[in-house]
Amino acid sequence: MTLWEYVEDRWDLILFETAQHASMVAQCVLVAAVLGVLIGVATYRRPRLASLATASSGVLFTVPSLAMLGLLIPALGLGVAPSVTAIVLYALLPIIRNTVVGLQGVDQLVVDAARGIGMSRGRSLTRIELPLAWPVILTGIRVSTQLAMGIGAVAAYVSGPGLGEQIFSGLARLGGANAVNSTLTGTIGVAILALLFDGCFVLLGKLTAPEGPLSRRLTTGGVRG
Amino acid sequence: MADQSTTGVPIELRKVTKAFPGGGEPAVRELDLNIPAGEIVVLVGPSGCGKTTTMRMINRLIEPTSGDIVIDGRSSHDIDPDRLRRNIGYVIQQAGLFPHMTVAANIAQVPKMLGWDRARIAERVDELLTLVGLDAEAYRDTFPRRLSGGQQQRVGVARALAADPPVLLMDEPFGALDPISRERLQDELLGLQDDLAKTIVFVTHDIDEALKIGDHIAIMKAPGHIVQYATPAEILTNPADGYVEQFLGAGSSMRLLRLTKVGDIEVDQVPYASEDADAAAVLVEIERDGRGYALITDGMRRPLRWVSAEQLQGVEGPVGSAGDAITGTLGHRMTLQDALEALLNADNDVVPVVGRRRAYAGALSLSTVQNAIQAIKTRERERRLHRNHPGGSG
Ligand SMILES: Nc1ncnc2c1ncn2[C@@H]1O[C@H](COP(=O)(O)OP(=O)(O)OP(=O)(O)O)[C@@H](O)[C@H]1O
Ligand SMILES: [Mg+2]
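The structure displayed is predicted, hence computed values, not measured ones. As a convention, each chain's residues are numbered from 1 in the sequence order in which they are written. Written order determines the labels here, with chains lettered from A and ligands numbered from 1. Only residues with pLDDT of 70 or above have their local features reported here, since the model is predicted, and side-chain atom pairs are shown and tallied only from 80 upward, although totals for entire chains, interfaces and linings are computed over all residues. Each side-chain value is worked out from all heavy atoms of the structure, with water and hydrogens disregarded.

Draft legend 1. Broad picture of the site of ligand 1. Residues and elements named next belong to chain B. Summary of the distance rule: residues count as near a molecule or strand when at least one heavy atom falls within 4 Å of that molecule or strand. In the neighbourhood of ligand 1, the contacting residues comprise Phe20, Ala27, Ser47, Gly48, Cys49, Gly50, Lys51, Thr52, Thr53, Glu172 and His205. Gly48 places a main-chain nitrogen or oxygen 2.8 Å from an oxygen atom of ligand 1. Polar contacts, as used here, are pairs of N or O atoms within 3.5 Å; protein pairs need one atom able to donate a hydrogen and one able to accept it. Residues neighboring in sequence count only if both atoms are side-chain atoms. The contact in question runs from an oxygen atom of ligand 1 to an N or O atom on the side chain of Thr53, over 2.5 Å. For ligand 1, whose accessible area on its own is 630 Å², the fraction buried by protein is 55%. For this classification, the nonpolar set comprises Ala, Val, Leu, Ile, Met, Phe, Trp, Tyr, Cys and Pro, the charged set comprises Asp, Glu, Lys and Arg, and every other residue, Gly included, is treated as polar. Tallied by class, residues from the shell around ligand 1 come to three nonpolar, six polar and two charged. Computed by Shrake-Rupley with a 1.4 Å probe, the accessible areas treat only the displayed protein chains as cover when residues are assessed.

Next comes the structure, spelled out in structure tokens:
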């Protein structure tokens, strides 16, 4: 059986697994983005705390994903729970780090001006600092997404959902019928998905750039009705 | 312009001290300062003497360690800091514009926080852009990055004026500009202030800028105290001590020329008459004056020609078109320095001085200016003598 025949034969299943994979990655990254930005916002003004947050998620990073997944089994069992937990944990680091770096990199003169004209801390953060740090934060989320793609595939090791199933079942019966086809399908599927997601980020980055169409619309729209 | 804009309120600093944590000597030490309503008060001094700290305590970006700041009779301590700041315009070096917002959105921030409706904000934005000399149509939707430094600073001033606050704080607003733009923005600020009469606290370390725009100048010395608080002329003619003298540096006399207006000194009076005056009568005037010439003006007393006694000899009836056209005039608001420059370049020894509506106000020659300089120098010398021997004979 050629690769093409293999894919045609299991089209529905592969499509389902791809959708599962995409949805798992998207949801995990969303959770990691919310958590990561919150942790970044909470710590960026306190250099000690900020480096503690970055360092501890950095330590997590050094644990191989397979080991991490295995370690999560006793606590969370098999399936979705350990997969999602592991992906979120790994996805946090780039987002926290970039949020901290992004917020610390905002021109102090601009922040001073915001406070000086009477913006509260919160208003300055949401209207000025976060929008200005956004390109850096978005890059962090983008890196996290790529990371989550790969770890999502490994999650099949703990019976997680997604395209990893194709890869692992292929690897498990290496030499057997369709073993290579199965592994290839999973790998190529993840790669295509990764490219698609990355494309979305490029688009999002353009739309939300500080002088981009969205920002133009939001800021001018607010003034000229 | 808004039909009725808010004018300045007085600010009083009472024994204000700021000691930063772990900072050793306080940055500002028991500072007293009375800022009259509607005046530009300049804080000037070398780097690190506490100018910015003093200014930022007024809008509570820095909280004083002790002492009190009273704005329009109310202790700033009793006002919520964010509310306080929305009523105090704030301009800083390089403008500090929000780079991700259009010019209009930048200016609109304070009115938005104050809950103005959109139409009112949009109208105000255009009005302010015009006020600071920017074409509203061309600039309201551009981003700050596309503006020159001078234009950015204009937008910064517009943003500070947006909600028509009675007080403006400006921390080295023109410090990052080239000398020509700086001069222009200083002039424009003075022009604006003529109409707005805000209370402006202006920080700079450029003594010339201070002398030019300040109604009063506070010369500061580290750590955070005021050495002299006086008008520019007083500081120039009567510096409080060696520190102030050193800070003024050389060229005090030239600065005095720059500070003194033509209208401030006694100008010459020459005979003058309108075109339809009787020539014979003008001739009599000229002879009585003894200088040998007269100034011919139009019906609104605007100078037209110089006419000499010879040119009038034998003219019957009105003076008419006799005489030589004047080559220029001096405004009574011109500085003595500019007048001197103009006199050096003029064809005639005497140049007419015009006042309001360009009407004749007198005439100026090099020797008159020289006498005025002499008078200023003498006054200065007397003051210095007086300072060195206070109490005169006793
Ligand atoms: N946040 C701070 N923490 C500690 N020390 C500070 C702080 N801000 C200012 N200082 C100190 O207070 C003193 C006065 O500083 P300030 O910024 O008021 O000076 P300045 O007159 O505005 O100087 P410059 O002309 O350089 O702007 C300096 O010695 C400075 O080091
Ligand atoms: Mg300063």
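Draft legend 2. Broad picture of the environment of B:Gln311. Residue and element names in this part refer to chain B. Secondary structure elements are defined from DSSP: runs of H or I of at least 4 residues count as helices, runs of E of at least 2 residues count as strands, and each element is numbered from the N terminus. Topologically, Gln311 is positioned in helix 13 (residues 309-312). Here the term buried applies to any residue with accessible area under 20% of the maximum for its type, exposed to any over 50%, and partly exposed to those in between, with areas from a 1.4 Å probe on protein chains only. What makes Gln311 partly exposed here is its relative accessible area of 29%. Taking the C-alpha atoms as reference points, Gln311 and Ala279, 32 residues apart in sequence, are found 9.9 Å from one another. Polar side-chain contacts of Gln311 include one of 3.4 Å to the side chain of Asp324.

Draft legend 3. The pattern of salt bridges, seen in detail. Any carboxyl oxygen of Asp or Glu that lies within 4 Å of a side-chain nitrogen of Lys or Arg is treated as forming a salt bridge with it. Enumeration according to the criterion identifies 24 salt bridges over all chains in this entry. A salt bridge links A:Arg10 to A:Asp9; the nearest nitrogen and oxygen atoms lie 3.6 Å apart. Taking relative accessible area as the criterion, A:Arg10 reaches 27% and is therefore assigned partly exposed. Using a relative accessible area of 53% as the deciding quantity, one classes A:Asp9 as exposed. Residue B:Glu285 pairs with B:Arg288 through a salt bridge whose shortest N-O separation is 2.3 Å. Here B:Glu285 pairs with B:Arg288, and both are found in helix 12 (residues 279-289), just three residues apart, close to one helical turn. What makes B:Glu285 partly exposed here is its relative accessible area of 35%. On the accessibility criterion, B:Arg288 (63% relative accessible area) is exposed. Counted as one network, the salt bridges with shared partners bring together A:Arg115, B:Asp82 and B:Arg85.

Interpretation note: all reported values are geometric properties and have no functional meaning in isolation.
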